[in-house]
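Listed here are the chains, written in short residue letters.
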Amino acid sequence: MSDGGLMSKAAATMEIPIHGNGDSRRLPEDDGLEQDLQQVMVSGPNLNETSIVSGGYGGTAEGIIPTSTIKGTLVPSHPPRGLLISPSPSAASRIASQAAAVSGSSLHQQHPNPAMTGEEATRGIAVEKFDIVKKWGINTYKCTKQLLSERFGRGSRTVDLELETQIELLRDTKRKYECVLGLARALTNHFYSLVQTQHALADAFSDLSQKSPELQEEFGYNAETQKLLCKNGETLLGAVNFFVSSINTLVNKTMEDTLMTVKQYETARLEYDAYRTDLEELNMGPRDAATLCRLDAAQANFQAHRTKYEKLRADVAVKLKFLEENKVKVMHKQLLLFHNAISAYFAGNQQQLEQTLKQFNVRLKSPGADKPSWLEEQ
């Protein structure tokens with residue numbers, strides 16, 4: 001027999017010692033085996049790479065037998081000690097070639113799991129939302145505490161006297177302009193009813209002038225007078241509607257936009273004072289490690305809210321200035337239009353009334369222009 005045959009036979013008849021629980025003899029490899037078993041218990045076994053190792057744990061690649069090659073064979077969980085495994089030379093060579101193929105393949109490659117990636121993304125979104133809710137809750141608590149302290153006179157607040165005066169004046173002006181707007185709308189509704197009544201009266205006079213020959217001239221004069229009053233009334237309604245529309249834009253859009261910025265400013269002021277109070281309380285406390293960490297975080301939050309507060313305060317000051325200039329221009333034009341139109345109408349000066357509308361670029365709507373055409377609706 002050749003040397004290669006002797007080596008293969010010796011490898012095939014190698015004894016695998018298996019120790020029972022009562023056996024006091026242990027091999028040096030047993031300690032490493034127990035450690036790796038403990039690691040498997042923690043991390044979990046990899047079922048895709050399960051293998052049986054012969055010749056002791058940590059042997060060469062030629063001793064690794066994949067479980068996928070063992071089919072239909074029942075291996076006892078506790079084989080008797082001293083059992084000899086004596087495969088044929090052909091089986092030994094086949095096992096060695098399969099073990100080499102497995103070891104050369106992606107035995108230890110780790111592929112990313114799409115399910116785990118999606119789960120991690122979902123967990124990250126949930127953690128982010130939780131952090132947002134947590135920050136909102138802390139901020140709400142601090143602001144509520146500061147507000148209650150101010151209401152009961154126990155806390156201090158930052159006050160800009162000049163800006164606060166301008167804001168209060170704006171709110172008072174808005175209330176008064178809303179009252180003027182409501183009265184102007186009431187005047188428009190009443191005057192529209194008057195014009196409609198005059199129009200119906202003119203039609204009635206015209207009909208009676210045709211059916212009453214003895215009073216034809218008198219009914220005719222009154223019919224023409226009411227028609228002229230209707231025409232002038234419609235012109236005045238155009239001027240008053242333009243006045244109402246301009247006041248409505250000034251009150252409910254321009255002033256409201258400025259007041260929205262004022263509300264943001266007041267919220268920023270409350271947050272600024274809340275975090276300022278929190279920083280002052282931490283500065284008065286003990287200076288241990290935990291307090292110093294909280295003090296740094298409180299200082300950073302205070303600076304961030306201070307920057308926000310100062311920015312909004314500057315925005316409010318600019319918007320109040322521009323609003324005042326715009327309000328003067330708009331009201332100067334609208335009050336002059338309203339005065340000239342009312343005076344010309346009740347003076348019976350039709351020419352002056354029409355000239356007033358041309359002067360302020362007021363365009364009257366035609367009777368059928370209230371409803372858009374079907375082409376405009378498309």
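Residues numbered from 1 in each chain as written. Predicted model: local features only at pLDDT ≥ 70, side-chain atom pairs only at ≥ 80, totals over all residues. Heavy atoms only, no water.

Engineer: A description of unusual backbone geometry should follow, citing residues and the corresponding values.
Structural biologist: Of note, Asn361 is a non-glycine position whose phi angle comes to about 55°, a positive value. Structurally, Asn361 can be placed in the loop between helix H8 (350–359) and helix H9 (374–377). According to the relative accessible area criterion, Asn361 is exposed, its value standing at 63%. (Helix = DSSP H or I, 4+ residues; strand = E, 2+ residues; numbered from the N terminus. Buried < 20%, exposed > 50% of the residue type's maximum accessible area, 1.4 Å probe, protein only.)

Engineer: Could you give me a rundown of helix H7 (residues 289–347), with the residues and numbers involved?
Structural biologist: Taking 1.5 Å of rise per residue, the 59 residues of H7 would be expected to cover 87 Å, and the 85 Å separating its terminal C-alpha atoms lies within 8% of that figure. Looking at the residues trailing H7, positive phi occurs at Gly348, about 75°. (Expected span 1.5 Å × (residues − 1).)

Engineer: Talk me through the nonpolar core; I want residue IDs and the actual numbers.
Structural biologist: Judged by nonpolar contacts, the single largest core of 42 residues is most densely connected at Ile167, Tyr265 and Val316. Elements with a minimum of two residues in this core: helix H5 (161–211), helix H6 (216–284), H7 and H8. Examining the composition of this core, we find that 17 residues originate from one element, H6, more than from any other. For Ile167, the residues in contact, after removing those within four places along its chain, are Val262, Tyr265, Val316 and Leu320. (Core = buried A, V, L, I, M, F, W, Y, C linked by side-chain atoms within 4.5 Å. Contact = heavy atoms within 4.5 Å.)

Engineer: An account of the pattern of salt bridges is requested, with residue identities and associated values reported.
Structural biologist: One pass over the structure, following the stated rule, counts 15 salt bridges. Arg171 is the partner of Glu266 in a salt bridge, and the nearest nitrogen-oxygen pair spans 3.0 Å. You can see Glu266 sitting in helix H6 and its partner Arg171 sitting in helix H5, a full 95 residues away along the chain. Glu266 sits in the partly exposed class, given a relative accessible area of 29%. The class for Arg171 is partly exposed, based on a relative accessible area of 25%. (Salt bridge = Lys/Arg side-chain N within 4 Å of Asp/Glu carboxyl O.)

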